[in-house]
Amino acid sequence: MPANLPAEAEKALAKYQAARTIEEKIRALEEALSLIPDHKGTEKLRGRIKRRIAELRREAERKASLRAVRRDYFHVPKEGAAQVVLIGAANSGKSSLLRALTNAKPQVSGYPLTTTMPVPGMMLYNDVEIQLVELPAILTEDLEETQFTNRSIGFSKNADLIVIVLDGARSPAKQLERILEIYDESGVSFRRKRCEIEIEKKDSGGIRLVVFGSLGVDVKEVEDLLRSVGIRNAVVRVRGEASIEDFEEVVIREMTHKRGLIAVNKIDQAAPGSLEEVKNIAGEIPVVAVSAENGAGLEDLKRQIFNSLDLIRVYTRKAGITSDKPIILPRNSTIRDLAEIIHRDFAEKMKYARVWGASVKVQGQRVGPDHVLEDGDIVEIKI
Ligand SMILES: Nc1nc2c(ncn2[C@@H]2O[C@H](COP(=O)(O)OP(=O)(O)O)[C@@H](O)[C@H]2O)c(=O)[nH]1
Ligand SMILES: [Mg+2]
């Protein structure tokens, strides 16, 4: 069992837990691997460590090539309420979609790799300005990585939403598989985060699980996993619904969760059944079929982009007059969040607010700074 690892191997795994840089992490894992005997009981753990080393190496390479290019060259300042990227293989129709959805007029061409820099445009939806940025292709038409793969993927990690654009006329399911693979290797997961896992290491007392919610996994399996990375004494707090993958993400892989959306373009030329194939691979990521050419599905795509961002519109009222331009906030924002956006010290000065809309039972209700707002609310803040 992995529970009986040589002491040196455990030390190396503890070093990994404490490591700060990618290079330190790789060194610690390689050391651990060389110290863990190779037999049936350690097979799973050795596999996990090898996979993690491979990932870290790739990450190191990506970082190095990122450093090699001038920083500002790939930079697009965020504008509007959110930044959304269009990413995908060459010739999938990213430029065409940017043209169809925004005010931007990028070059569209049948030649692959026409777009070599991020190109921004502004999309208006429900009075909300949303910035779309087309990124240079991350795959050729033959699904090989391009000279832009690392930089485009890196850029997308900072976006509020990643729209994966597939060429519906060229085996879109294969493109999606490759793209999801690249994201997985880059430490990005599109799975919705269902839980919070917090591990507090202790000096003694064994492993104690405190679960608020439900555990979709055997307690024993969690204990084995933790012991296998050298954690023998800890209080583990779990909120929400946690699976073994969630625990692996926390202790071995350090994944970032991003919102994603899949646009299957050129649906006018798609082979029958290809949309279904995409949906089978997409998992939790919503899929929209579109045609930049004939306009099919574009309204649906706009709506899904807006919905995925989970924004709300709030209208302020002053002396009985309601503004016609909304303030855009992330869902679950409070009166305090709103006040801080209006003016830095408004939040401190405010006494109470009156609210009209879906978040209150009585229209014009008096609420405090912790009141959670809803889409379409009208708010008058009193100081
Ligand atoms: N049939 C069809 N062709 C499209 C569609 N969208 C784009 N194209 C064509 O696909 C080629 C590549 O388009 P482009 O927008 O430059 O792709 P990008 O490389 O992803 O930016 C061009 O010849 C477009 O005219 C579509 O919805 N249907
Ligand atoms: Mg393009």
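Residue positions are counted from 1 within each chain, in the order its sequence is given. Here chains are named by letter from A upward and ligands by number from 1 upward, in the order in which they appear as written. Owing to the predicted nature of the model, reporting of local features is limited to residues with pLDDT of at least 70; listing and counting of side-chain atom pairs is limited to 80 or more, with chain, interface and lining totals taken over all residues. Only hydrogens and water are removed before side-chain values are computed, so all heavy atoms of the structure are retained for them.

Asker: So what's going on with the overall build of the chain? Which residues, and what values?
Answerer: The secondary structure content of the chain amounts to 12 helices and 17 strands. Projected onto its principal axes, the C-alpha positions of the chain cover 70 × 60 × 45 Å. A buried classification covers 46% of the 383 residues belonging to the chain. Areas reported as accessible are Shrake-Rupley estimates using a 1.4 Å probe. Residue values count occlusion only from the protein chains shown. When the accessible area of the chain is evaluated, it comes to approximately 19,600 Å², of which 48% is carbon and sulfur surface. Note on charges: Lys and Arg go in the positive column, Asp and Glu in the negative column, and His and the chain ends are not counted at all. Positions of charges follow a simple convention, taking NZ of Lys, CZ of Arg, CG of Asp or CD of Glu. Averaging the locations of the 60 positively and 58 negatively charged side chains of the chain gives two centres separated by 4 Å. Secondary structure is summarised from DSSP: a helix means a run of H or I of at least four residues, a strand means a run of E of at least two, and numbering begins at the N terminus for each. Each residue is assigned to one of three classes by its accessible area relative to the maximum for its type, calculated with a 1.4 Å probe on protein chains only: buried under 20%, partly exposed between the two thresholds, exposed over 50%.

Asker: So what's going on with the sheet that holds strand 7 (residues 207-215)? Which residues, and what values?
Answerer: Two strands make a pair as long as DSSP finds a minimum of two bridges between them. Spatially, the three strands line up as an open sheet ordered 6-8-7, and their pairing is mixed. Both outer strands of the open sheet, strand 6 (195-201) and strand 7, are each paired with one neighbouring strand and no more. Within the sheet, the average angular offset between the axes of one strand and its neighbour, ignoring direction, is 10°. Pairing of strand 7 with strand 8 (residues 234-242), which is carried by nine bridges, proceeds in the parallel orientation. Its bridge partner being in strand 8, Val 210 is matched across the sheet by Arg 237. Any two residues having at least one pair of non-hydrogen atoms within 4.5 Å are treated as being in contact. Axis angles are defined between N-to-C directions and span 0 to 180 degrees, where every axis is a line fitted to C-alpha atoms and, for a helix, only to the segment in contact. The sheet strands contacting helix 7 (residues 219-228) are strand 6, strand 7 and strand 8, and the helix crosses strand 7 at an angle near 130°.

Asker: So what about the site of ligand 1? Which residues, and what values?
Answerer: Note on definitions. A residue lies near a molecule or strand when any single heavy atom of the residue is within 4 Å of it. The environment of ligand 1 is formed by 17 residues, the closest being Gly 93, Lys 94, Ser 95, Ser 96 and Asp 268. We call two N or O atoms a polar contact when they sit within 3.5 Å, provided that within protein one can donate a hydrogen and the other can accept it, with sequence-adjacent residues counted only if both atoms are side-chain atoms. Between a nitrogen atom of ligand 1 and a side-chain N or O atom of Asn 265, the distance comes to 3.1 Å. Contact with the protein chains removes 86% of the 580 Å² of surface that ligand 1 exposes when unbound. Here the element with the most residues in the shell around ligand 1 is helix 4 (residues 94-101); it accounts for three residues.

Asker: Quick one: what's the story with the domain arrangement of the chain, residue by residue and with numbers?
Answerer: The domain boundaries assigned to the chain delineate domain 1 (1-68), domain 2 (77-190 + 258-309), domain 3 (194-253) and domain 4 (311-382). An automatic or database domain assignment provides the domain bounds reported here. Look at where the C-alpha atoms of domain 1 and domain 4 centre, and you get two points 49 Å apart.

Asker: Account for the side chain of Ser 156, with residues named and values stated.
Answerer: One can find Ser 156 in helix 5 (residues 149-156). Under the relative-accessibility criterion, Ser 156 is labelled buried at 0%. Reaching out from Ser 156, the side chain makes a polar contact with the side chain of Tyr 183 at a distance of 2.8 Å. Residues in contact with Ser 156, not counting those within four places in the same chain, are Val 85, Ile 87, Leu 135, Ile 162, Tyr 183 and Lys 258.

Asker: Describe in detail empty space enclosed by the protein, supporting the description with residues and values.
Answerer: Using only the protein atoms, space was sampled on a 1 Å grid; points where a 1.4 Å probe fits but cannot get out form cavities, open sets with protein on both sides within 12 Å along at least five of seven lines form pockets, and lining residues are those with an atom within 4 Å of a point. Grid points are joined across faces, edges and corners, and a volume is the space filled by probe spheres set on the points. If you walk through the whole model with that rule in mind, you get two cavities of 30 Å³ or more. By volume, the largest cavity is sized at about 60 Å³. What lines the largest cavity is Arg 48, Arg 51, Arg 52, Glu 55, Glu 248, Ile 252 and Arg 253. With four residues, the single largest contributor to the lining of the largest cavity is helix 3 (residues 43-68). Put simply, Ala, Val, Leu, Ile, Met, Phe, Trp, Tyr, Cys and Pro go in the nonpolar bin, Asp, Glu, Lys and Arg in the charged bin, and everything else, Gly too, in the polar bin. Taken together, the residues of the lining of the largest cavity sort by class into one nonpolar, no polar and six charged.

Asker: Describe the coordination of the magnesium ion (ligand 2), naming the residues involved and giving the relevant values.
Answerer: In this structure, Ser 95 (OG), Thr 115 (OG1) and Glu 134 (OE) serve as the protein donors to the magnesium ion (ligand 2), at separations of 2.2 Å. For Na, K and Ca the donor cutoff is 3.2 Å, while for all other metals N, O and S atoms must lie within 2.8 Å; water is not among the atoms, so some sites may look incomplete. Counting gaps between the donor residues of the magnesium ion (ligand 2) yields the pattern S-x19-T-x18-E. Of this pair, Thr 115 sits in the loop between helix 4 and strand 2 (119-125) while Glu 134 is found in strand 3 (residues 128-134), placing the two residues 19 residues apart along the sequence. You'll find Thr 115 and Glu 134 in the same group, each marked buried.

Asker: Explain the nonpolar core to me, using residue names and the numbers behind them.
Answerer: In this text, buried Ala, Val, Leu, Ile, Met, Phe, Trp, Tyr and Cys residues form a nonpolar core when linked through side-chain atoms within 4.5 Å. Within the largest apolar cluster, 29 residues are counted, with the highest numbers of intra-cluster contacts made by Ile 87, Ile 164, Leu 166, Tyr 183, Ile 262 and Val 278. Counting residues per element, the ones that place at least two in this core are strand 1 (83-88), helix 5, strand 4 (161-167), helix 6 (172-185), strand 10 (260-265) and helix 9 (274-282). The element contributing the most residues to this core is helix 6, with five residues. Excluding its chain neighbours within four sequence positions, the residues that come into contact with Val 278 are Leu 166, Pro 172, Ala 173, Leu 176, Ile 262, Val 264 and Val 287. Counting residues in hydrophobic clusters, the runner-up holds 26 residues, among them Ala 104, Tyr 125, Ala 263 and Leu 309.

Asker: Which residues make up the pattern of salt bridges, and what values go with them?
Answerer: Any Lys or Arg side-chain nitrogen found within 4 Å of a carboxyl oxygen on Asp or Glu counts as a salt bridge. Per the stated rule, a full pass over the model turns up 32 salt bridges. With a shortest N-O distance of 2.8 Å, Arg 331 and Asp 310 are connected by a salt bridge. Of the two residues, Arg 331 sits in the loop between strand 14 (327-330) and helix 11 (335-342) while Asp 310 sits in the loop between helix 10 (298-309) and strand 12 (311-318), which places them 21 residues apart along the sequence. Looking at Arg 331, the relative accessible area reads 34%, which means it is partly exposed. A network of salt bridges, in which partner residues are shared, links Arg 58, Glu 145, Arg 178, Glu 181 and Glu 185.

Asker: Give a description of the packing of helix 7 against helix 8 (residues 244-251) that names residues and reports values.
Answerer: Contact pair helix 7 / helix 8: the axes reach a minimum separation of 11 Å and the direction vectors enclose 20°. Between helix 7 and helix 8, the angle is such that the two are roughly parallel. Relative to helix 8, the crossing made by helix 7 is right-handed. The segment helix 7 lies against helix 8, with Glu 221, Val 222, Leu 225 and Leu 226 engaging Ile 244, Phe 247, Glu 248 and Val 251. When its residues are assigned to classes, the contact of helix 7 with helix 8 shows six nonpolar, no polar and two charged. What sets the label is the angle itself: under 35 degrees gives roughly parallel, over 145 gives roughly antiparallel, 65 to 115 gives roughly perpendicular, and the rest give oblique. A crossing counts as left-handed when the near helix is turned anticlockwise from the far one by less than a right angle, and as right-handed when that turn is clockwise.

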